[in-house]
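# Residue-level structure breakdown
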Amino acid sequence: MNIIVCVKQVLDPEIPPARFQIDPEAKQVIPPPGVPPVISVYDERAVEAACRLKDAHQGKITVISMGSEQAADVIKHAISMGADDGFVLSDPAFENLDSFGTAHVLSKAIQKIGEYDLVLCGREAADWGAGQVGSILAEMLGIPVVTRASDIQAADETLRVKRVVSDGFEVLEAPMPSLVTVSSEIGLPRLPAGVRLMMVRRKQIPVWNAGDIGAEPSQLDQANAHTEITGLSVPTRKTTECEIITGATPDETGVNLALKLAELI
Amino acid sequence: MDNHKGVWVCGEITEGKLAPVTVELLGVGRKLANELGEDLSALLLGSEAGGLAQEAIAYGADNVYVAEDGLLDQYNSDAYTQVAADLCGQASPAIMLLGHTDIGCDLAPRLNARLGGGLAMDCLALSIDPATKCLVSTRPVFGGNAHATMVSKSARPQMATMRAKTVPPAERDDSRQGQVILVEGKVDPAALKVKVVERIKEEVEGIKLEDAEVVVTGGGGIGSAENWAMVEDLARALGGAVGATRPACDEGWAAVTLQVGQSGKVVSPKLYIAVALSGAMAHISGCLGSKVIVAINKDKEANIFNVAHYGVVADYKEVLPALTAKLKELKSA
């Protein structure tokens, strides 16, 4: 089974909000110094889903990531989890692409890789969270799509996918190849294996640019963007001070808090 | 692009009625349509759709497109995309609105991919730019830590999914007049590549996290599975639900389904108690809508105190037993 996983490198969402700063003019987030970017949380689950399928059926997992050349780090992370190969898609023309532009780049890279039975993406990115690249990519590749998977099984050229809905789940059957977007309900991603971590450290991750994948210049032209970000701001948080509840002893503090809560509910 | 006219709402039907989010969207759509001086249309799918057309008109629609087909009774991604894309291809709406729901989150990106429009997901506000007449969509990004405004300058339709309960429902006026248009043509079953085999409803034990009026959330600072019981005890004493941060879920102390935050659930209870959690960006975004936030953390510099209304600076292990006991005592009194 050949699986291609699309992953994105993002600002670590586990930072304290005080370290989150934006440049409203550039409509960009300023990466906090000293905080390494990470693989987007849903994308890591997509790698996990691929690894589970490989455990069950063997095959090959190829990971692609569009971003800066630093995105090699998330490819290496995926390989240390169990992926076989990966490519970074990097080109100045790929910067600030909207969802259609991103899907175009990914579709061209996937076509260059060639054979596949399944394409996996996270359900949305942890940064801009557009939540649509997977669906556009499927449309561009001309394959069916199932969104928000919490489980993927494969048998006889058919994928059996559990899709998360608000009051339970649906079970869907899709042919191969299809594209599936993965949700966090699939469960925890495996930890990178120590041996693979050592092996991957020196691995060179090839970088493909626009010419390498045959991207259409018109699809990368900002003038043809489907959506444009016209403003970025940090919403105002509550303005009231935090009232600290105290007591002579921890027990008394607990009682005082209980009395306060009783007033509130 | 000038051929694209009108504001559309893709409606949802739940238990034989218009879904609450659809009634909200009709209210928003009506305002946008008035500003543009154009019609508001609703699209209703499924064999019950015709019966609800007058209701959609009462809530503000000028036109209701009704696609009555048994294959549309339950959501099927391929079928809905096919019908909506065909209809949009013919009618060329300028704006298409959907709820940010199970259906909207799946349908909107696919429909937009097929139509080549511009889509903003999970919007909190929608307005019309007076100069360009373009739709301006405001949506949370970076887990709600920033808000972005988005515009589609030339791509049409301009699409948006809107989060439920962000705007009041449209006012009902049964004297309103409108047109009901039956959509010709049926779904081609051969075009349905993905089959829905079954739908399973999961019963939640106790109070559902999203519906709870009180949520007690434990973080990585809880330290062990044994101590997690203290969080559960406190939640029980308050008649609330238990939540967990991502680190607490990663440790296996709580089920992944209890995760509050960016990659988990967004909650907005009356009372949110954050125990032994620092208040990372990804977590805060899941609880900021709470009416009152109470933080218990031994680190007085923890970010959670910046968003909390009440705080206790102490080791939770020393405070929770007395707190829980007193709450139980007050409850039984």
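Nothing here was measured: the structure is a model prediction, and the numbers come from that model. (Residues numbered from 1 in each chain as written. Chains lettered and ligands numbered in written order. Predicted model: local features only at pLDDT ≥ 70, side-chain atom pairs only at ≥ 80, totals over all residues.)

Bringing the overall build of chain B into the picture now. Helix and strand counts for chain B come out as 9 helices and 18 strands. Projected onto the principal axes, the alpha-carbon positions of chain B cover approximately 65 × 45 × 40 Å. The burial tally for chain B puts 56% of its 333 residues in the buried class. Taking as baseline every contact in chain B between residues at least 6 positions apart, the subset at least 24 positions apart corresponds to 64%. (Helix = DSSP H or I, 4+ residues; strand = E, 2+ residues; numbered from the N terminus. Buried ≥ 20, exposed ≤ 12 C-beta atoms within 10 Å, placed from the backbone. Contact = placed C-beta atoms within 7 Å.)

Here we have 10 strands laid out as an open sheet, ordered 13(A)-7(A)-6(A)-1(A)-8(A)-12(A)-9(A)-10(A)-11(A)-13(B), and mixed in their pairing. Single-partner strands in this sheet number two, and they are strand 13 (207-208) of chain A together with strand 13 (195-201) of chain B. Bridge count between strand 8 (residues 118-122) of chain A and strand 12 (residues 178-182) of chain A: 5 bridges; the pairing is parallel. Note on strand 12 of chain A: the bridge partner recorded for Gly-122 of chain A is Val-182 of chain A. Along the sheet, helix 3 (residues 99-113) of chain A contacts strand 1 (2-7), strand 6 (60-66), strand 7 (85-89), strand 8 and strand 13 of chain A; its crossing angle with strand 6 of chain A, the most-contacted strand, is approximately 145°. (Pairing = 2+ DSSP bridges. Axes fitted to C-alpha atoms, helices over the stretch in contact; angles between N-to-C directions.)

Our next topic: the domain arrangement of chain B. If you check the domain split of chain B, you get domain 1 (7-191) and domain 2 (209-332). Centre-to-centre separation of domain 1 of chain B and domain 2 of chain B, based on C-alpha positions: 37 Å. (Domains from an automatic or database assignment.)

With omega at 0°, the peptide bond leading from Met-176 of chain A into Pro-177 of chain A counts as cis. Note that Pro-177 of chain A resides in the loop between strand 11 (168-175) and strand 12. Backbone geometry at Asp-122 of chain B places phi at a positive 65°, although glycine is not the residue there. Mapped onto the secondary structure, Asp-122 of chain B falls in strand 7 (residues 118-123). Taking the C-beta count within 10 Å as the criterion, Asp-122 of chain B has 23 such neighbours and is therefore assigned buried.

Residues and elements named next belong to chain A. Running from amino to carboxyl end, helix 2 (residues 72-81) crosses helix 5 (residues 194-201) at an angle of 140°, the nearest separation of the two axes being 8 Å. Note on packing geometry: the crossing formed by helix 2 with helix 5 is right-handed. In contact with Lys-76, Ile-79 and Ser-80 of helix 2, helix 5 contributes Arg-196, Leu-197 and Val-200. Of the residues assigned to the contact of helix 2 with helix 5, the class counts are 3 nonpolar, 1 polar and 2 charged. (Left-handed = near helix turned anticlockwise from the far one by under 90°. Nonpolar A, V, L, I, M, F, W, Y, C, P; charged D, E, K, R; others polar.)

One finds Val-5 and Leu-120 of chain A together with Leu-44 and Ala-56 of chain B to be the most contacted residues of the largest nonpolar core, which totals 133 residues. Sequence-distant contacts of Leu-120 of chain A, that is, excluding residues within four places in its chain, are made with Ile-3, Val-5, Ala-46, Ala-49, Ala-50, Val-180 and Val-182 of chain A. Within the second largest apolar cluster, 57 residues are counted, among which are Ala-254, Ile-284, Ala-295 and Tyr-310 of chain B. (Core = buried A, V, L, I, M, F, W, Y, C linked by C-beta atoms within 7 Å.)

Residues and elements named next belong to chain B. Going residue by residue along strand 15 (residues 241-244), you find Ala-241 and Gly-243 tucked away on one face and Val-242 and Ala-244 tucked away on the opposite face as well. The pairing of strand 14 (residues 214-218) with strand 15 spans 4 bridges and is parallel. Bridging across to strand 15, Gly-218 finds its partner in Ala-244. Taken together, strand 14, helix 5 (residues 225-237) and strand 15 constitute a β-α-β crossover, and its handedness is right-handed. (Right-handed = clockwise from strand over helix to strand, strands pointing away.)

Residues and elements named next belong to chain B. Closest axis-to-axis distance for the helix 3 (residues 77-91)/helix 4 (residues 102-115) pair is 9 Å, and the angle between their directions is 45°. Comparing the axis directions of helix 3 and helix 4 gives the class oblique. As helix 3 packs across helix 4, the resulting crossing turns out to be right-handed. Listed contacts from helix 4 to Ser-77, Tyr-80, Thr-81, Ala-84, Ala-85 and Cys-88 of helix 3 are Asp-106, Leu-107, Arg-110, Leu-111, Arg-114 and Leu-115. (Parallel < 35°, antiparallel > 145°, perpendicular 65-115°, else oblique.)

Let us now look at the interface of chain B and chain A. Each side of the interface is counted separately: chain B has 71 residues, and chain A has 69 residues. Taken together, the elements giving at least two residues each to the side of chain B that touches chain A come down to helix 4, strand 7, strand 10 (146-151), strand 13, helix 7 (281-284), helix 8 (304-307), strand 18 (310-313) and helix 9 (316-332) of chain B. Looking at side-chain class alone, the side of chain B that touches chain A contains 39 nonpolar, 17 polar and 15 charged residues. For strand 11 of chain A and strand 13 of chain B, the ladder comprises 6 bridges, and the chain directions are antiparallel. Paired with Gly-168 of chain A across the two strands is Lys-201 of chain B, which belongs to strand 13 of chain B.

In this model, chain B carries an average pLDDT of 94, and 98% of its residues clear a pLDDT of 70 or more. Among the scores for the predicted complex, ipTM is 0.93 and pTM is 0.91. (pLDDT = per-residue confidence, 0-100.)

In this section: the pairing of strand 5 (residues 63-67) of chain B. All names here are of chain B. Most of strand 5 sits out of view: 4 of its 5 residues are buried. A crossover connection joins strand 4 (residues 40-45) to the parallel strand 5 through helix 2 (residues 53-58); in handedness this β-α-β unit is right-handed. Pairing between strand 5 and strand 12 (residues 179-182): 4 bridges, direction parallel. Following the sheet pairing, Val-64 is matched in strand 12 by Val-180.

Moving on, we come to helix 4 of chain B. Working note: α-helix, 3.6 residues per turn, so residues spaced by three or four point in the same direction. Over its 14 residues, helix 4 of chain B runs 20 Å from end to end, which matches the ideal 20 Å to within 8%, given 1.5 Å per residue. By the criterion of burial, helix 4 of chain B is predominantly enclosed, with 12 of the 14 residues buried. Residues Ile-103, Gly-104, Cys-105, Asp-106, Leu-107, Ala-108, Pro-109, Arg-110, Leu-111, Asn-112, Ala-113 and Leu-115 of chain B constitute the buried set of helix 4 of chain B. On the buried face of helix 4 of chain B, the contacting elements are helix 4 (133-141) and strand 9 (145-155) of chain A together with helix 3, strand 6 (95-99), strand 7 and strand 11 (158-162) of chain B. (Expected span 1.5 Å × (residues − 1).)

Take the sheet that holds strand 9 (residues 135-141) of chain B next. In spatial order, the strands read 14(A)-10(B)-9(B)-8(B); together these 4 strands make up an open sheet with antiparallel pairing. The strands lining the two open edges of the sheet, one partner per strand, are strand 14 (228-233) of chain A together with strand 8 (125-128) of chain B. Between one strand axis and the next, the sheet turns through 25° on average, direction left out of account. By the bridge criterion, 4 bridges tie strand 8 of chain B to strand 9 of chain B in an arrangement that is antiparallel.

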